[in-house]
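# Chain and residue survey
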Amino acid sequence: MKFLNLLHDKRVDCYSVMVEMPVSDFLKLVEKSYENRGGIEGQRSALKTKTALTIRKRMVEDVKKGTVLPAIVLGVHIDNCSLADVKEKLNETFFQCLISEMDPKSISIIDGMQRTTALQEAKDSFGENQLNIRVEFWIADKLNSLIYRMLVLNTGQVPWEMARQLETIYSQLLKSIEVLLWLIAS
């Protein structure tokens, strides 16, 4: 993994870390979240419409020829330490260690399910000519920051109805309330 840059998003208090990494490492990293429809409530799975399949088939062929895809955006929810703690240590070595030790359930695909599906379909064709891709990690200690990023990133794609946006935003709150009620009842 090659560390490219680091930016702080002051709006939602999270960090964007851009890296370049081999497709095989990326696919291992997102295996669990990919199986779980991106690993974040409200994310859509790989599209299966005729148009989507045609576009993805073309993307797979392009990937096999070495095309450069736009960066795939992953969310990293850190809940075992504060963002301030991470900020103090955030350099290339620490970041690689953080990601390698991260619980797979804490990593979500915020933007790039269709590209990840294309990479999955093309992975056997790479052989020794490993393809590198850009991956942008959004590191946050609040899940709402990652949901906000997902909503903003997906706005220009397939439009989301207001009900779906609200459901995505409030689903985490409802889960927290359910857990709290369960704890109180126990």
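Described below are features of the structure shown in this document. These numbers come from a predicted model, not from an experiment.

## With respect to the overall build of the protein
Along the backbone of the protein there are 8 helices and 5 strands. Listing every helix and strand of the protein by position from the N terminus yields β-β-α-α-α-β-α-α-β-α-β-α-α. Counting the 186 residues in the protein, one finds 41% classified as buried. Counted over contacts in the protein with a minimum sequence separation of 6, partners at least 24 positions apart contribute 81%. Looking at the protein as shown, the accessible area adds up to about 11,000 Å², and 54% of this sits on carbon and sulfur atoms.

## Focus: the pattern of salt bridges
Overall, the coordinates contain 5 salt bridges when judged by the stated rule. Salt-bridge contacts for K64 lead to E61; the nearest nitrogen and oxygen are separated by 3.7 Å. Linking K64 with E61, this pair stays in helix 3 (residues 50–64), spanning 3 residues, or about one helical turn. On the basis of relative accessible area, K64 is assigned to the partly exposed category, the value being 42%. For E61, a relative accessible area of 35% translates into the label partly exposed. The residue D111 makes a salt bridge to R115 at a minimum N-O spacing of 3.1 Å.

## Overview of the pairing of strand 5 (residues 132–140)
In terms of burial, strand 5 is a largely internal element, 7 of the 9 residues being buried. Pairing between strand 2 (residues 14–22) and strand 5: 8 bridges, direction antiparallel. Within strand 5, the position partnered with E20 by the bridge is R134. As paired strands, strand 3 (residues 72–77) and strand 5 are joined by 6 bridges and run parallel to one another. Within strand 5, the residue paired with L74 across the bridge is F137.

## Notes on the packing of aromatic side chains
Within the structure shown, the criterion is met by 2 aromatic pairs. Residues F95 and F137 carry aromatic rings whose centres are separated by 5.0 Å and whose planes lie at 75° to one another, so their mutual orientation is edge-to-face. With a gap of 42 residues between them, F95 in helix 5 (residues 92–100) and F137 in strand 5 connect regions that are remote in the sequence. Under the relative-accessibility criterion, F95 is labelled buried at 0%.

## Description of the nonpolar core
F26, L74, L119, F137 and I139 are the most contacted members of the largest nonpolar core, which has 36 residues in total. Ranked by size, the runner-up nonpolar core spans 7 residues in total, among them C14, I110, W138 and L146.

## Examining a nonpolar patch on the surface
A cluster of nonpolar side chains, namely Y170, L173, L174, I177, L180, L181 and I184, defines an oily patch on the protein surface of about 720 Å² accessible area. With respect to the element layout, Y170 can be found in helix 8 (residues 162–185). Y170 sits in the partly exposed class, given a relative accessible area of 43%.

Parameters at a glance
Residues numbered from 1 in each chain as written. Predicted model: local features only at pLDDT ≥ 70, side-chain atom pairs only at ≥ 80, totals over all residues. Heavy atoms only, no water. Helix = DSSP H or I, 4+ residues; strand = E, 2+ residues; numbered from the N terminus. Buried < 20%, exposed > 50% of the residue type's maximum accessible area, 1.4 Å probe, protein only. Contact = heavy atoms within 4.5 Å. Areas by Shrake-Rupley, 256 points an atom, 1.4 Å probe, with all protein chains shown as cover. Salt bridge = Lys/Arg side-chain N within 4 Å of Asp/Glu carboxyl O. Pairing = 2+ DSSP bridges. Phe/Tyr/Trp six-rings, centres within 6.5 Å; stacked < 30°, edge-to-face > 60°. Core = buried A, V, L, I, M, F, W, Y, C linked by side-chain atoms within 4.5 Å. Patch = residues over 30% accessible without salt bridge, like charges linked within 9 Å, V, L, I, M, F, W, Y side chains within 5 Å.

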